[in-house]
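# Examination of the molecular architecture
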Amino acid sequence: MKYNKFLFFDFPLFSNKEFTDEFSNILILNNYLELDIFTSVSDSPVVNVDVVNNNLPDIGKIIYEKEINFTGVVITPHNLSWCAAQYYPVDWGVFAFNTHNKESQSLFDSLDKDWFVTISQLKKSLHDRSSFLYDEFGEDGITAILNNYA
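Below, the structure is looked at part by part.

Calculation rules
Residues numbered from 1 in each chain as written. Predicted model: local features only at pLDDT ≥ 70, side-chain atom pairs only at ≥ 80, totals over all residues. Heavy atoms only, no water. Helix = DSSP H or I, 4+ residues; strand = E, 2+ residues; numbered from the N terminus. Contact = heavy atoms within 4.5 Å. Polar contact = N/O pair within 3.5 Å; in protein donor to acceptor, adjacent residues only side chain to side chain. Expected span 1.5 Å × (residues − 1). Buried < 20%, exposed > 50% of the residue type's maximum accessible area, 1.4 Å probe, protein only. Phe/Tyr/Trp six-rings, centres within 6.5 Å; stacked < 30°, edge-to-face > 60°.

The topology assignment puts Asn4 in the segment before β1 (5–9). As for Asn4 and Gly93, which are separated by 89 residues in sequence, their C-alpha atoms are 16 Å apart. Apart from residues no more than four positions distant in its own chain, Asn4 is found in contact with Phe97, Asn98, Thr99 and His100. Among the polar contacts made by the side chain of Asn4, one reaches the side chain of Thr99 at a distance of 2.7 Å.

Here the focus is helix α5 (residues 132–149). Here α5 contains 18 residues, and its C-alpha end-to-end distance of 19 Å is more than 12% below the 26 Å for a straight helix at 1.5 Å per residue. Every buried residue of α5 is accounted for by Leu133, Tyr134, Gly138, Gly141, Ile142, Ile145 and Leu146. Where the residues of α5 are buried, they touch β1, β7 (117–118) and α4 (119–125). Its side-chain oxygen at 3.0 Å from the backbone nitrogen of Leu133, Ser131 defines the N-terminal cap of α5.

A complete count under the given rule lists 19 aromatic pairs for this structure. With 5.1 Å between their ring centres and 85° between their planes, Phe8 and Tyr149 make a pair best called edge-to-face. Placement of the pair is Phe8 in strand β1 and Tyr149 in helix α5, with a sequence separation of 141 residues. Take Phe8: its relative accessible area is 8%, and that puts it in the buried class. Judged by relative accessible area, which is 29%, Tyr149 ranks as partly exposed.

This is the structure in structure tokens:
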């Protein structure tokens, strides 16, 4: 899938109740009522989530019960118009959006960007050695991210 907008995050996707509650509401408002969740060791969804009837923090528990030896998690709707991926819950993750899809663009616009690091923030941090992003990724890391996502 071709994705053209990206947001980066540094928190386990299912552990922050405030984020997952907000995200659930935004998903429902944008008509994303079902999600597929994959792990790095699965080639088919380990969990299919009915967003309206499930609490997203509980999804993390379900994944751990079903997949003992996984590393990464990928969340996506059936149409693949966006996805969220995180290798380990303690690593940086990325949300990728195909904003040519109307619902995906609406989802991107609806998300509170305070939860995320944007491409423009990364561009600014490339020239600001005092930035926490520069400290976190370094010049080579930021350059690699921008080369792959900007």
